[in-house]
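Coordinate analysis (summary)
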Amino acid sequence: RDFSCVILDKGGRLIVPPPMFFHAPFYKHFVDRTLELYGEDGLKDGDVIVSNHPYEAGVPHVSDMAFIAPVFADGRLVAFSGSCAHKADIGGMNPGSTSANSTEIYHEGLVLPPVKITSEGNYDEDLERLILTNSRQPETVRGDVRAQIAATAMGVARMQEHCARFGTDTVTDAFASILRGAADEMQAAIAALPDGEAFADGYMDDDGVEMDKGVYFACTVTKKGPNIRFDFSKSQPQAKGPVNLRPSMVEACVFYSLIGCLGPAMQFNDGMRDVVEFVYAPRTVTNAESPAPVSSYQKANLRLTDVILEALATFNPARAIAGSGSSGSLSINWHQGGRPGHNTLQYEILGSAYGGGNGNDGCNATATHLSNLHVTPIEIIESEYPCRITEFDMVPDSGGAGECRGGVAFRRRYEVLQDCTVVRRYDRWKYPPPGAEGGSDGGRSRFFIRVGTNEEEETPAAGKFELKAGHVFYLESAGGGGFGDPAARDRSALVRDIEEGYVSERAAREVYGV
């Protein structure tokens, strides 16, 4: 599910969004840089351009490889087809290429600026060989690269068929109408909000390198009439560790939060760019400069989203929500080769829980906000990798107490059957998800390694760890923050919480006053 396929207009503006929400804004940056390099005259039918460069193409991180192809009809450029997908390994200092403590993007893998991998239908075998030589999983990456190129080419063919069937001018006019419709709808919704200014801020645990320092995000939202501005210039200087964001990711957080604030049925495409203003300061964590590392961008996205939603709640309290529990990844590199016939790298995306909202409890044990990946089933993990899942359960009292309870976190316990290197990328260990309107904070995340031995320890939420066969580790995601006064919680809802194991009887007495 960590992929997207899109159609863009000739200027790179997204027409219809992909399910992977945070991929949506970067394509405009990729097309802009491609046109800057090649110009329209330098692009031909049958070209495919590839890049995984976070700064030149705006992709989320080096592990995400994107492809775009121009669509020509009636002898002119009318659109682009595009795709982006996470790669199993693209080099760098860790197997799997993701990192919790890189200090420059070159630690995170091979970096490709926008460059043609196919020219007028002629595939560049040498460039493919260069990419694969830098990967620990070359066959997997080869298959993914070729599949993406085929999917991107299919988008070109389908759009050319549309132009032949309906007329090229009709297709381009439809693009303009779709973009204008989203812009008009967004502007009308913004105009209906009260004028004013709101500020919110918050911290991530650390950047993975400077472990004693939180990472500070700040957002000022100014709304006047039909206009709205998001100012991130008070965010801290760019981080030494891999939690830096580029404007493409900040845009994703803002557009997501605006739809959440204004109404989930709103259209989403790049027409929204016409009605939203962004302000950044240079070399900050929300507008980093190369070669600042970016591998752990997603937990930064999710912390920034909470900050933006907090600010927007000032304008529309009915859509307010407490802090959510973020999302993280777990990669395990099996030193003895894993199970025969299967990959040597185990990679999982693990969610957490939503904060309680104005009128609703937070969702339990799920991916939050911009994340869209599901927890990998136990049966898949145990059949493909040398480990056992010995516990997978909810964590009582992890949801922040409130009139609307925060979502409940989960615990997952692993026994490794081979020596391995574990890389954990997560957040919410030092700074738990905040409650709102009198609600309590959600439970913090936890990560324990070498459980049951003399070397057992609780670690920070992110890091790289060496384990031996037989070692046990477990993780607990963070719970969502609570919303509203816990004493006001409906008693029948609290009884159900106790029956389901979400809230203990002790917490019901001591926290909820029952």
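Look up: the structure comes first, before these words.
First, a word on scope: everything that follows refers to the structure included in this document.

Rules and cut-offs
Residues numbered from 1 in each chain as written. Predicted model: local features only at pLDDT ≥ 70, side-chain atom pairs only at ≥ 80, totals over all residues. Heavy atoms only, no water. Phe/Tyr/Trp six-rings, centres within 6.5 Å; stacked < 30°, edge-to-face > 60°. Helix = DSSP H or I, 4+ residues; strand = E, 2+ residues; numbered from the N terminus. Buried < 20%, exposed > 50% of the residue type's maximum accessible area, 1.4 Å probe, protein only. Pairing = 2+ DSSP bridges. Contact = heavy atoms within 4.5 Å. Axes fitted to C-alpha atoms, helices over the stretch in contact; angles between N-to-C directions. Core = buried A, V, L, I, M, F, W, Y, C linked by side-chain atoms within 4.5 Å. Nonpolar A, V, L, I, M, F, W, Y, C, P; charged D, E, K, R; others polar.

**Considering the packing of aromatic side chains**
On inspection of all chains with the given rule, the structure shows 15 aromatic pairs. Ring geometry for Phe255 against Phe268: centres 6.0 Å apart, planes inclined by 50°, an arrangement best described as tilted. With Phe255 in helix 5 (residues 247–262) and Phe268 in the loop between helix 5 and strand 10 (276–279), the pair connects residues that are 13 residues apart, well separated along the chain. Here Phe255 and Phe268 have matching classes, each one buried. Look at Tyr414 and Phe473: their rings are 4.7 Å apart centre to centre, the planes differ by 10°, and that puts the pair in the stacked class. Pair noted here: Tyr414 is in strand 14 (residues 410–416) and Phe473 is in strand 19 (residues 472–476), with a separation of 59 residues, a long-range link. This pair shows no difference in class: Tyr414 is buried, exactly as Phe473 is. Feature note: the residues Phe21, Phe232, Phe255, Tyr256, Phe268, Phe278 and Tyr280 constitute an aromatic cluster, connected by ring pairs.

**Some details on the sheet that holds strand 5 (residues 115–119)**
Strand order in the open sheet made by the six strands is 1-4-3-2-5-6, with antiparallel pairing throughout. Each edge of the open sheet is held by one strand with a lone partner, namely strand 1 (3–9) and strand 6 (122–123). As paired strands, strand 1 and strand 4 (residues 76–86) are joined by seven bridges and run antiparallel to one another. Following the sheet pairing, Val6 is matched in strand 4 by Gly82. On the sheet, helix 2 (residues 125–133) packs against strand 2 (48–51), strand 3 (64–73), strand 5 and strand 6 and is oriented at approximately 130° with respect to strand 5. The sheet contacts of helix 3 (residues 138–166) involve strand 1, strand 2, strand 3, strand 4, strand 5 and strand 6, and relative to strand 3 the element is tilted by about 25°.

**Some remarks on the sheet that holds strand 14**
The five strands lie next to each other as 13-14-19-16-17, forming an open sheet whose pairing is antiparallel. Looking along the sheet, the strands with just one partner apiece sit at the ends: strand 13 (387–394) and strand 17 (457–458). Sheet analysis places strand 16 (residues 446–449) next to strand 17, joined by two bridges and oriented antiparallel. If you follow Phe448 over to strand 17, its bridge partner there is Glu458.

**Topic: the nonpolar core**
With 67 residues, the main nonpolar core has Phe217, Phe230, Leu258, Leu262, Ile308 and Leu312 as its most contacted residues. Sorting elements by how many residues they give to this core places helix 5 first, with 11 residues. If sequence neighbours within four positions are ignored, Leu312 has contacts with Val221, Ile228, Phe230, Ser257, Leu258 and Cys261. Ranked by size, the runner-up nonpolar core spans 30 residues in total, among them Ala79, Val141, Val156 and Cys163.

**Looking at the packing of helix 3 against helix 4 (residues 168–191)**
Relative orientation of the contacting elements helix 3 and helix 4 amounts to 115°, with a least axis distance of 6 Å. Here Met159, His162, Cys163 and Phe166 of helix 3 come into contact with helix 4, specifically with Thr168, Thr170, Val171 and Phe175. When grouped by side-chain class, the residues that make up the contact of helix 3 with helix 4 number five nonpolar, three polar and no charged.

**Overview of unusual backbone geometry**
A cis amide bond links Ser290 with the next residue in sequence, Pro291, at an omega value of 10°. Checked against the element boundaries, Pro291 lands in the loop between strand 10 and helix 6 (297–312). In this structure, Glu120 is a non-glycine residue whose phi angle is positive, near 50°. Note that Glu120 resides in the loop between strand 5 and strand 6. Its identity is not glycine, yet Arg450 carries a phi of approximately 55°, on the positive side. Within the fold, Arg450 resides in the loop between strand 16 and strand 17. When its relative accessible area of 15% is taken as the criterion, Arg450 is described as buried.

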